[in-house]
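Breakdown of the fold
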Amino acid sequence: MSETSSESIHSDIVRDGDQFREELFRCCRQVGDLVRHTYGPYGRASLVVDHADEKHVTTDGATVLDHAVIDHPVGKMFVDTFGREEVRDGATFGTLLAVELLTEAERLIERGLSRQTVCRGYETALEQARDHVNEVAHSIGSDPEVLALLAKTAIADGEFDETDQHLVNVVVDAVRTLDNGGDVTNVYFEEDIRLSVD
């Protein structure tokens, strides 16, 4: 388990343009370092100490970002972007991708490319990536085996037990019901979901 100090990312006073750019890139790398070890199937737990000296143990990158006290405006931008509820599931991946793109941008700028050229290159790469995704994407339909594999991948974080399998079955049933013309207006969530394994 690694400990993450909540005061490790702060804004230094910088006066010169190059120093300012270096400070921004340094901050981005530090934000990436906060969540990097939580990523993937072998991600490690973090002990995060927040501004109130409360300790939180988590393997979730979004939770690490939520509890870290980040003073630097660029660091706050990462938290605002990837700490939102609708992004939480991809917070660690999004943060690491943004950090790697910015790290590569830093290398390109150090090699003499202008910031505008780097931005245009990234915009072109984004368009080509979208085109490629559209070319290779295909519908999975409502095949229960494929849906079960997708649900299992989304749910499992480590060991997969019988309770997880029950949840996979519930998800597959819900998707197939909606795919067969089920009325979404009649779908609601119970406040208390009880799962038991006999």
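See above for the structure.
Note that the coordinates shown come from a computational prediction; the quantities given were computed from them, not determined experimentally.

Backbone geometry places Asp-53, a non-glycine residue, at a positive phi of 60°. With respect to the element layout, Asp-53 can be found in the loop between β2 (46-49) and β3 (55-58). Taking relative accessible area as the criterion, Asp-53 reaches 58% and is therefore assigned exposed.

A few words now on the packing of helix α4 (residues 91-110) against helix α5 (residues 115-136). In contact at an axis separation of 10 Å, α4 and α5 are set at 140° when each is read in the N-to-C sense. Between α4 and α5, the angle falls in the class oblique. Classified by chirality, the crossing of α5 by α4 is right-handed. Between α4 and α5, the contacting residues are Leu-101, Glu-104, Ala-105, Leu-108 and Ile-109 on the first element and Arg-115, Val-118 and Tyr-122 on the second. Residues belonging to the contact of α4 with α5 are distributed by class as follows: 6 nonpolar, no polar and 2 charged.

Here β3 shows a buried face lined by His-56 and Thr-58 and an unburied face lined by Lys-55 and Val-57. Two strands pair when backbone bridges link them, and β2 and β3 are joined in this way by 4 bridges, in the antiparallel orientation. Pairing of Leu-47 across the sheet is with Val-57, part of β3. Counted between consecutive antiparallel strands, the loop separating β2 from β3 contains 5 residues, among which Asp-53 sits at a positive phi close to 60°.

A few words now on the nonpolar core. If you look at the biggest cluster of nonpolar residues, it comprises 19 residues, and the most contacted ones within it are Val-31, Leu-34, Val-35, Leu-65, Ile-70, Phe-78 and Phe-82. Elements with a contribution of two residues or more to this core: α1 (17-36), α2 (61-67), α3 (73-82) and α4. Top element by residues in this core is α1. It accounts for 5 residues. In terms of nonpolar packing, the next biggest core, distinct from the first, is built from 5 residues, Ala-105, Leu-108, Ile-109 and Val-118 among them.

To continue, consider a nonpolar patch on the surface. On the surface, Tyr-39, Phe-93, Leu-97 and Leu-101 cluster together into a nonpolar patch covering about 380 Å² of accessible area. When you line up the elements, Leu-97 lands in helix α4.

There is a patch of like negative charges on the surface, built from Glu-123, Glu-127, Asp-131 and Glu-135. Residue placement: Glu-135 occurs in helix α5.

The next subject is the packing of α1 against α4. Their axes nearest at 9 Å, the elements α1 and α4 cross at an angle of 150°. Taken together, the axis directions place α1 and α4 in an arrangement best described as roughly antiparallel. Judged by the sense of rotation from one axis to the other, the crossing of α1 with α4 is left-handed. Residue-level inspection shows Arg-21, Phe-25, Cys-28, Arg-29, Val-31, Gly-32, Val-35 and Arg-36 of α1 in contact with α4, the latter providing Thr-92, Thr-95, Leu-96, Val-99, Glu-100, Leu-102, Thr-103, Glu-106 and Ile-109. Each residue belonging to the contact of α1 with α4 can be placed in one class, and the counts come to 8 nonpolar, 4 polar and 5 charged.

With that settled, consider α4. An α-helix turns once per 3.6 residues; consequently, residues spaced three or four apart project the same way. Spanning 20 residues, α4 covers 28 Å between terminal C-alpha atoms, matching the ideal 28 Å at 1.5 Å per step. Buried within α4 are the following residues: Ala-91, Thr-92, Gly-94, Thr-95, Leu-96, Ala-98, Val-99, Thr-103, Ala-105, Glu-106, Leu-108 and Ile-109. Looking at the buried side of α4, the elements it contacts are α1, α2, α3 and α5. Among the residues trailing α4, Gly-112 stands out with phi positive, at a value near 110°.

Conventions and cut-offs
Residues numbered from 1 in each chain as written. Predicted model: local features only at pLDDT ≥ 70, side-chain atom pairs only at ≥ 80, totals over all residues. Heavy atoms only, no water. Helix = DSSP H or I, 4+ residues; strand = E, 2+ residues; numbered from the N terminus. Buried < 20%, exposed > 50% of the residue type's maximum accessible area, 1.4 Å probe, protein only. Axes fitted to C-alpha atoms, helices over the stretch in contact; angles between N-to-C directions. Parallel < 35°, antiparallel > 145°, perpendicular 65-115°, else oblique. Left-handed = near helix turned anticlockwise from the far one by under 90°. Contact = heavy atoms within 4.5 Å. Nonpolar A, V, L, I, M, F, W, Y, C, P; charged D, E, K, R; others polar. Pairing = 2+ DSSP bridges. Core = buried A, V, L, I, M, F, W, Y, C linked by side-chain atoms within 4.5 Å. Patch = residues over 30% accessible without salt bridge, like charges linked within 9 Å, V, L, I, M, F, W, Y side chains within 5 Å. Areas by Shrake-Rupley, 256 points an atom, 1.4 Å probe, with all protein chains shown as cover. Salt bridge = Lys/Arg side-chain N within 4 Å of Asp/Glu carboxyl O. Lys, Arg positive; Asp, Glu negative; His and termini not counted. Charge placed at Lys NZ, Arg CZ, Asp CG, Glu CD. Expected span 1.5 Å × (residues − 1).

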